Amino acid sequence: MSANSEKKMFYALNMFDVVDLEKYLAYFSRLPEAAPRYGGRMVAFGRFRDNVAGDLAPRQVLFLVEWESEEAFNRFRDDPELADLHPLRESGTASYIWQTFDGSDMSDPTDVSLDDVLAVLKP
């Protein structure tokens, strides 16, 4: 058993198109302070480059956040103190996809075992 199999992570994948830059920037500017308070760490932020395979309509932006747990993510999402934050995201974007995933920490890929991979691939 690898060290990774002991450190399960929870990820939120966000893909979207920006329709109101000012509103989205108002949302995004608060994330570096807000997300860590709830156990979130911004992992990746990028712009669409190319549709290599698949039938999902491309989105302009990808944003990946790692959370300590599903409970941490839910606290961030549902906290009444952030009631003014999420509408900025919602009104600043369109074609929004927000999906969550269980996974392993891959910061050291050499520490990933076949058991770690099978845990993700098996239902």
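Procedures and definitions
- Residues numbered from 1 in each chain as written.
- Predicted model: local features only at pLDDT ≥ 70, side-chain atom pairs only at ≥ 80, totals over all residues.
- Heavy atoms only, no water.
- Helix = DSSP H or I, 4+ residues; strand = E, 2+ residues; numbered from the N terminus.
- Buried < 20%, exposed > 50% of the residue type's maximum accessible area, 1.4 Å probe, protein only.
- Contact = heavy atoms within 4.5 Å.
- Areas by Shrake-Rupley, 256 points an atom, 1.4 Å probe, with all protein chains shown as cover.
- Lys, Arg positive; Asp, Glu negative; His and termini not counted.
- Charge placed at Lys NZ, Arg CZ, Asp CG, Glu CD.
- Salt bridge = Lys/Arg side-chain N within 4 Å of Asp/Glu carboxyl O.

In the annotation of an unreviewed UniProt entry, the protein is listed under the name DUF1330 domain-containing protein and assigned to Streptomyces spongiae.

This paragraph deals with the overall build of the protein. Each helix and strand counted, the protein has 5 helices and 4 strands in total. Starting at the N terminus, the α and β elements of the protein follow one another as β-α-α-β-β-α-α-β-α. Seen through its C-alpha atoms, the protein measures out along the principal axes to roughly 45 × 35 × 25 Å. Looking at the protein as a whole, 34% of its 123 residues qualify as buried. Sequence-distant contacts in the protein: of pairs separated by 6 or more residues, those separated by 24 or more amount to 79%. Summed over all atoms, the accessible surface of the protein reaches about 7900 Å², with 55% contributed by carbon and sulfur. Counting 13 positive and 22 negative side-chain charges, the protein places the averaged centre of each group 3 Å from the other.

With that settled, the discussion passes to the pattern of salt bridges. Applying the stated criterion across every chain, the model contains 5 salt bridges. With a closest N to O distance of 3.6 Å, Arg-37 and Glu-33 form a salt bridge. Here Glu-33 and Arg-37 lie together in helix H2 (residues 31-37), a separation of 4 residues that amounts to about one turn. By relative accessible area, Arg-37 is classed as partly exposed at 49%. Given a relative accessible area of 57%, Glu-33 falls into the exposed group.

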